Amino acid sequence: MNLDILDSPEARRRLDPGGMLRSVAGLPEQCREAWAAAQAFELPREYAGIKQVVIAGMGGSAIAGDLWRVLIQRECALPIFNVRQYDLPPFVDRDTLVIASSFSGDTEETVSAFRQALPIRCPKIAITTGGQLLTTARANGVPAFTYAFQGEPRAALGWSLMPLLAIAEKLGFSEGIESEVEEAIDVLDALRSEIGEDVPASENLAKQTAGSLYDKLPVIYGAGPLVEVAHRWKTQLNESSKVWAFHEELPEIHHNAIIGYELPRPIARDTAVVFLHSDDLVHLRVQLRYDFTRDLLARSNVESLTVNARGVGALAQIMSLVFFGDYVSGYLALLYGVDPTPTTVIDELKAWLATQE
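Residues numbered from 1 in each chain as written. Predicted model: local features only at pLDDT ≥ 70, side-chain atom pairs only at ≥ 80, totals over all residues. Heavy atoms only, no water.

### Notes on helix α13 (residues 314–336)
The first and last C-alpha atoms of α13 sit 33 Å apart over 23 residues, in line with the 33 Å expected at 1.5 Å per residue. Most of α13 is tucked away: 22 of the 23 residues are buried. Positioned one or two residues after α13, G337 has a phi angle of 75°, which is positive. (Helix = DSSP H or I, 4+ residues; strand = E, 2+ residues; numbered from the N terminus. Expected span 1.5 Å × (residues − 1). Buried < 20%, exposed > 50% of the residue type's maximum accessible area, 1.4 Å probe, protein only.)

### Digging into the state of the cysteines
Counted by the stated rule, this structure contains zero disulfides. Sulfur of C76: no disulfide; nearest cysteine sulfur belongs to C122 and is 18 Å away. Relative accessible area serves as the criterion here: at 18%, C76 is assigned to the buried category. A relative accessible area of 7% means that C122 is categorised as buried. (Disulfide = S-S within 2.5 Å.)

### Notes on the packing of helix α3 (residues 27–39) against helix α8 (residues 177–195)
At a minimum axis separation of 8 Å, α3 and α8 run at an interaxial angle of 165°. Classified by the angle their axes make, α3 and α8 are roughly antiparallel. By crossing handedness, the relation of α3 to α8 is classed as left-handed. Each of L27, P28, E29, C31, R32, W35 and Q39 in α3 lies in contact with α8, whose residues at this interface are I177, E178, V181, I185, L188, D189 and R192. In terms of residue class, the contact of α3 with α8 is made up of eight nonpolar, one polar and five charged. (Axes fitted to C-alpha atoms, helices over the stretch in contact; angles between N-to-C directions. Parallel < 35°, antiparallel > 145°, perpendicular 65-115°, else oblique. Left-handed = near helix turned anticlockwise from the far one by under 90°. Contact = heavy atoms within 4.5 Å. Nonpolar A, V, L, I, M, F, W, Y, C, P; charged D, E, K, R; others polar.)

### A closer look at helix α12 (residues 284–299)
In this model α12 runs 24 Å from its N-terminal to its C-terminal C-alpha over 16 residues, within 8% of the 22 Å that 1.5 Å per residue would give. Of the positions making up α12, those classed as buried are V286, Q287, Y290, T293, L296 and L297. Against the buried residues of α12 lie β6 (217–223), β7 (246–250), β8 (271–277) and β9 (303–308). Looking one or two residues past α12, N301 carries a phi angle of roughly 60°, positive in sign.

### Describing the pairing of strand β4 (residues 124–128)
Burial within β4 is extensive, with five of its five residues counted as buried. The side-chain alternation of β4 yields two buried faces, one formed by K124, A126 and T128 and the other by I125 and I127. As defined by bridge partners, strand β3 (residues 96–102) adjoins β4 across five bridges and the pair is classed as parallel. Directly across from A100, in β4, lies its bridge partner A126. The β-α-β motif built from β3, the intervening helix α5 (residues 108–117) and the parallel element β4 has right-handed crossover chirality. Pairing between β4 and strand β5 (residues 144–146): three bridges, direction parallel. Following the sheet pairing, I127 is matched in β5 by F145. Regarding topology, helix α6 (residues 131–139) serves as the crossover connection from β4 to the parallel β5, and that connection is right-handed. (Pairing = 2+ DSSP bridges. Right-handed = clockwise from strand over helix to strand, strands pointing away.)

### Topic: the nonpolar core
Within the largest apolar cluster, 107 residues are counted, with the highest numbers of intra-cluster contacts made by V53, W68, L165, F173 and L276. Counting residues in each nonpolar core, the second largest holds nine residues, with A56, L88, A113 and C122 among its members. (Core = buried A, V, L, I, M, F, W, Y, C linked by side-chain atoms within 4.5 Å.)

### Examining the pattern of salt bridges
Tallied over the full model, the rule gives 16 salt bridges. With a closest N to O distance of 2.8 Å, K207 and D7 form a salt bridge. Of this pair, K207 sits in helix α9 (residues 205–213) while D7 sits in the segment before α1 (9–15); the two residues are 200 residues apart in sequence, bridging distant segments of the chain. Residue classification places K207 among the buried positions, given a relative accessible area of 0%. (Salt bridge = Lys/Arg side-chain N within 4 Å of Asp/Glu carboxyl O.)

Right under this line is the structure:
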C-alpha cells in the first residue's frame, strides 16, 4: 500500500473536507478546556450518598462512560452500569445516580431512559450541548453540564469524559484525578508530534498501521480496561473509515475465538488483528496469552501487530491508545478515498425513525 497520499497536504484537504483529522488533533486542547469547565460544575450535596451509577448514552457519547467505568473501578467498589437502550434497568432506585450523556441532546434512546428516571427520586445529571435532554433537565431541576463543540459527536470525547472524571472527584469516587488528567494531556501532546498529519509516513506509526489495515478486516484485541479502548477503535473504524471492524476481549477469546482462526480461509487471509498492550493495565498471565495468540495467528496466516500504551497513569495509557486509534481511523479513510466525517446512513436511519412516530 502506497502511503504517499497521507503525506500530501493537498490530498488531505481534498479527502477530508470536514476536517476530521483536525478534530482528532485537537483532543489535547479539548481535554484541557473541558477539564477546566468541569471543575466549575457544581453538584448538590445530597448526591454524595449514592450507591451505584447508571450512565445512559449511545455511540460517541457512550464510549466516554465505558472508559470512565473501567478507570473508576480500578480503585472504587462502586457499581457502574452503562446503558445503551431505551429503558433504564429495573434496579434503578433512590440511591442510583443516573447520568444521561447525549451530544445533540436528541438521542432518542438516551432521552427515553432519562425521562424514565424522572419519577424516581434519584440523583440525576445531564451532559449535553442542548436539545430535548437539556430542556427536560432544566424543566425538572436536574444539574446539566453543557458545552459547545463544532464537529462530530465521536470527536467530542474530551467533552464527554472530563465531566465524568470531575464528577468522580467531587463525589469521592476517585482521588488524584487532576494530576492524571494533566499527565494524559501531556502524553497526548507528545504523541501528536509523532503521529500527526505532518509527520511523514516513514516515521509515523499511525499512518503505517492504517496501511497495514488497508483492504483487511480489522479485529482489535484488548484486555482488562483496554477492552473498552478496543471498542473505541472498532467504532471509529466503522464511522470514520467506513469499514467492517470488530473487537474482542482477552482472555475470553481463548475459550472460543481461537478455534476459528483458519476458516473461512479467504477471510482469515484478509484479516488483520491489532493487539492493544500495556504492561501496567494487562494482567501478567494475559500478557503471556498475547504471545501465544500472536504465534497462533501467524500459523493461521493471519497478520497481526501491536500498539503499546504511553504514559504512567491509567488515564494517560488509555487515552494514548484511543488517540492513536482515532488517527488510524482517519488515515485509513483517506487511503480508501472516503471522507471520514459524515455518517450518512446513521442520519438516514434517524430520518426514517422520525417518520415512524
